[in-house]
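Chain residues, written in single-letter form:
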Amino acid sequence: MCTAITYSTQDHYFGRNLDLEFSYHEEVTITPRNFPFAFRCKNTIGQHYALIGMAFVVDNYPLYYDAINEKGLGMAGLNFPGNADYKNECPDADNIAPFEFIPWILCQCASVAEARELLSRINLVDINFSSELPLSPLHWMIADQKEAIVVEPVKEGLKVHDNPVGVMTNNPPFDKQLFFLSNYMNLSPEPARNAFAKEIGLEEYSRGMGAIGLPGDLSSASRFAKAAFTRMNAVSGSSEAESVSQFFHILGSVEQQRGCVHLGNHKYEITIYSSCCNMDKGIYYYRTYENPQVTAVKLFAEDLSGKELFRYPLRKEMQILYEEQGKA
Ligand SMILES: C[C@H](CCC(=O)NCCS(=O)(=O)O)[C@H]1CC[C@H]2[C@@H]3CC[C@@H]4C[C@H](O)CC[C@]4(C)[C@H]3C[C@H](O)[C@]12C
């Protein structure tokens, strides 16, 4: 399971939690403008926007989980088990394999509006990357500085939903997720008032009681409600440090601690990494389960005119700053 969010202060931010019980060898990966992007059913794109994101690189091909491009458009793939449905090739559509979807959109589009154009012609085809990396059932959030959408490949076709909440998790399909927020419309960051029964004198005994009933479990529907409440009510300063800090706190409200989701055989789902992209400045911040220290990679610090990927292995080791003591 996973959670993706957007957040705006002065700048605009996009990122996600990746929750899983194991990790591939994902790395922060920059794809420069002249890296030849091959597509199974379309021509190679030789020149395109540069990308930065989290990818598992196989045979020099970046399998992106989430990324932004140099224009600030962001896109993340999250699990959508039981609902994702990929089709056969269709002669009059752009046939794109699921693993090609992020490159296809981010290489060519500067905004959600431009992405909608391409989406109207796309058919997500059931072509896997390899037999070792079979199709995974995904849906995607796409966002720019102004708006966010959710793209869901279901039986009836490719559905595109507006996302006014700026949050996406996993099942159920997005229209249902939004609908279920009504169950929580009474919740508030303000103090609770007694609307229960005038005849009895109910008193608040704690701060935070305005949001009693907000789910705290780790199911995808509960994470959606929790992250939406946190994201919609979030308040922070607008400096880069304050914004990035607040962003990770919002994701932290739905992170998965080892032990709480048992998958059998002593395997537990954890938040492998959390990411936060500054869409305006092209900076990819991340932290990992063991290393809460934020690491940053800057898209524009590299020469983006080349053809070779730039890869930054994740810094996964806990960094502790020990105070210098005993020197008096
Ligand atoms: C598993 C992750 C979602 C996290 C999640 O929701 N975990 C709950 C699992 S569970 O539902 O609880 O069991 C998703 C998100 C993005 C995915 C990669 C996308 C590129 C590529 C596509 C290829 O086709 C297959 C390999 C590939 C590397 C993908 C592997 C995996 O699928 C990734 C990491």
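Residues numbered from 1 in each chain as written. Predicted model: local features only at pLDDT ≥ 70, side-chain atom pairs only at ≥ 80, totals over all residues. Heavy atoms only, no water.

In the annotation of an unreviewed UniProt entry, the entry for the protein reads choloylglycine hydrolase, and the organism field reads Eubacterium cellulosolvens. Recorded under Pathway (unreviewed entry), the UniProt text for the protein is reproduced unchanged: "Lipid metabolism; bile acid biosynthesis." (UniProt positions renumbered as here; feature names shortened; annotations may be inferred.)

A. Focus on a nonpolar patch on the surface. A contiguous nonpolar patch, built from F196, I200 and L202 and spanning about 330 Å² of accessible area, is present on the exposed surface. If you trace the backbone, F196 turns up in the loop between α3 (174-180) and α4 (220-233). (Patch = residues over 30% accessible without salt bridge, like charges linked within 9 Å, V, L, I, M, F, W, Y side chains within 5 Å. Areas by Shrake-Rupley, 256 points an atom, 1.4 Å probe, with all protein chains shown as cover. Salt bridge = Lys/Arg side-chain N within 4 Å of Asp/Glu carboxyl O. Helix = DSSP H or I, 4+ residues; strand = E, 2+ residues; numbered from the N terminus.)

B. Representation of the UniProt feature "domain: Choloylglycine hydrolase/NAAA C-terminal" (unreviewed entry) in the protein in the model. In this numbering, the UniProt entry assigns the feature "domain: Choloylglycine hydrolase/NAAA C-terminal" (unreviewed entry) to residues 2-310. Helix makes up 16% of residues 2-310 and strand 29%, whereas the separation of the span's terminal C-alpha atoms amounts to 26 Å.

C. Focus on the side chain of R223. Residue placement: R223 occurs in helix α4. Although buried, R223 forms no salt bridge, and the nearest oppositely charged side chain, D19, lies 4.3 Å from it. At 2.7 Å, the side chain of R223 forms a polar contact with the backbone oxygen of C2. (Buried < 20%, exposed > 50% of the residue type's maximum accessible area, 1.4 Å probe, protein only. Lys, Arg positive; Asp, Glu negative; His and termini not counted. Polar contact = N/O pair within 3.5 Å; in protein donor to acceptor, adjacent residues only side chain to side chain.)

D. Looking closely at the layout of surface pockets. Roughly 690 Å³ of volume is contained in the largest pocket. Taken together, 30 residues form the lining of the largest pocket, with Y24, Y65, N79, S136 and L138 sitting closest to its centre. Only β2 (12-20), β5 (61-69), β6 (74-79), α1 (101-108) and β9 (138-143) provide two or more residues apiece to the lining of the largest pocket. Of the residues forming the lining of the largest pocket, the biggest block, four residues, is contributed by β2. Empty space within the second largest pocket amounts to approximately 550 Å³. (1 Å grid on protein atoms, 1.4 Å probe; cavity = no way out; pocket = protein on both sides within 12 Å on 5 of 7 lines; lining within 4 Å. Points joined across faces, edges and corners; volume = space filled by probe spheres on them.)

E. The arrangement of the nonpolar core in detail. Core analysis: the largest hydrophobic core is formed by 90 residues, its most contacted members being F101, I105 and I142. Among the elements that line this core, the one with the most residues is strand β4 (residues 51-58), at seven residues. The residues touching I105, leaving out its near neighbours within four places in the chain, are L73, M75, A115, L118, L119, I122 and I142. (Core = buried A, V, L, I, M, F, W, Y, C linked by side-chain atoms within 4.5 Å. Contact = heavy atoms within 4.5 Å.)

F. Representation of helix α2 (residues 112-119) in the model. Within the sequence span of α2, burial applies to V112, A115, L118 and L119. Down the axis of α2, the smallest arc covering the buried residues is 110 degrees, so these residues share one side. Buried residues belonging to α2 abut α1, β8 (122-124), β9, β10 (148-154) and β11 (157-162). (Arc of directions from axis to C-beta.)

G. Fine view of the packing of α1 against α2. Axis separation between α1 and α2 bottoms out at 9 Å; the angle between their running directions is 125 degrees. Our classification of the angle between α1 and α2 gives oblique. As for the relative orientation of α1 and α2, their crossing is right-handed in sense. Along the contact surface, α1 presents F101, W104, I105 and Q108, while α2 presents E114, A115, L118 and L119. (Axes fitted to C-alpha atoms, helices over the stretch in contact; angles between N-to-C directions. Parallel < 35°, antiparallel > 145°, perpendicular 65-115°, else oblique. Left-handed = near helix turned anticlockwise from the far one by under 90°.)

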